[in-house]
Amino acid sequence: QVDLVESGGGLVQAGGSLSLSCAASGSIFSIDEMDWYRQAPGKQRELVAGIKTGSTPYYSDSALGRFTISRDNAKNTVSLQMNSLNAEDTAVYYCYAKVKATMWPSGYRYLEVWGQGTLVTVPS
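Residues numbered from 1 in each chain as written. Predicted model: local features only at pLDDT ≥ 70, side-chain atom pairs only at ≥ 80, totals over all residues. Heavy atoms only, no water.

Draft legend 1. Region of interest: the environment of Ala 23. As for its placement among the helices and strands, Ala 23 is situated in strand β3 (residues 18-26). Accessibility expressed as a relative area gives 34% for Ala 23, which makes it partly exposed. In this structure the C-alpha to C-alpha distance between Ala 23 and Gly 115, which are 92 residues apart in sequence, comes to 9.1 Å. In this structure, Ala 23 is in contact with Asp 3, Leu 4, Val 5, Asn 76 and Thr 77, ignoring residues within four places of it in sequence. (Helix = DSSP H or I, 4+ residues; strand = E, 2+ residues; numbered from the N terminus. Buried < 20%, exposed > 50% of the residue type's maximum accessible area, 1.4 Å probe, protein only. Contact = heavy atoms within 4.5 Å.)

Draft legend 2. Structural context of unusual backbone geometry. Note that the residue after Trp 104, namely Pro 105, is joined by a cis bond; omega there is 5°. Position of Pro 105 among the secondary structure elements: in the loop between β9 (91-102) and β10 (108-114). Notably, Asn 76 is not glycine yet its phi reads approximately 55°, a positive angle. Along the chain, the position of Asn 76 falls in the loop between β7 (67-72) and β8 (77-82). Residue classification places Asn 76 among the partly exposed residues on the basis of a relative accessible area of 23%. Positive phi outside glycine occurs at Ser 84, with the angle close to 50°. Its location among the elements puts Ser 84 in the loop between β8 and β9. Relative accessible area serves as the criterion here: at 44%, Ser 84 is assigned to the partly exposed category.

Next comes the structure, spelled out in C-alpha cells:
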C-alpha cells in the first residue's frame, strides 16, 4: 500500500560527502515521521537522524554536526546530506516512515514502513 525507496548510496572516500534520498509512494494522506537508520555488519540497527512533522530534526551523536536531514513534504521525500564521512559510517542505510495511509472507501490508518536499504561504503 505504501512503499519507500532509498537512493544515493555508493562508495565515497573518507572526508567526502554523499546525499541519500528516500521517496514514499502509495496511498499516502500524510507522513507523520521520516527517519534514517543504519546497520553496519554485525551491529544493531541504529537511528541516525529523523524528523517528525511540526518538530525540529534530531540526530545521533555521531551524525550531529556532519549530517543534515531535510524533508520535501510536497514530494513525500526525505534526504540525508552526509559530510565528513569516515569508515565508521559504512553501513546499509534504511529509510523509515510513519505514514497516514488512506483507506477505501473512506478513513485512514497509520503504517510503519521501511525501505529496502542503500549501501554506503567508506574505505578506511
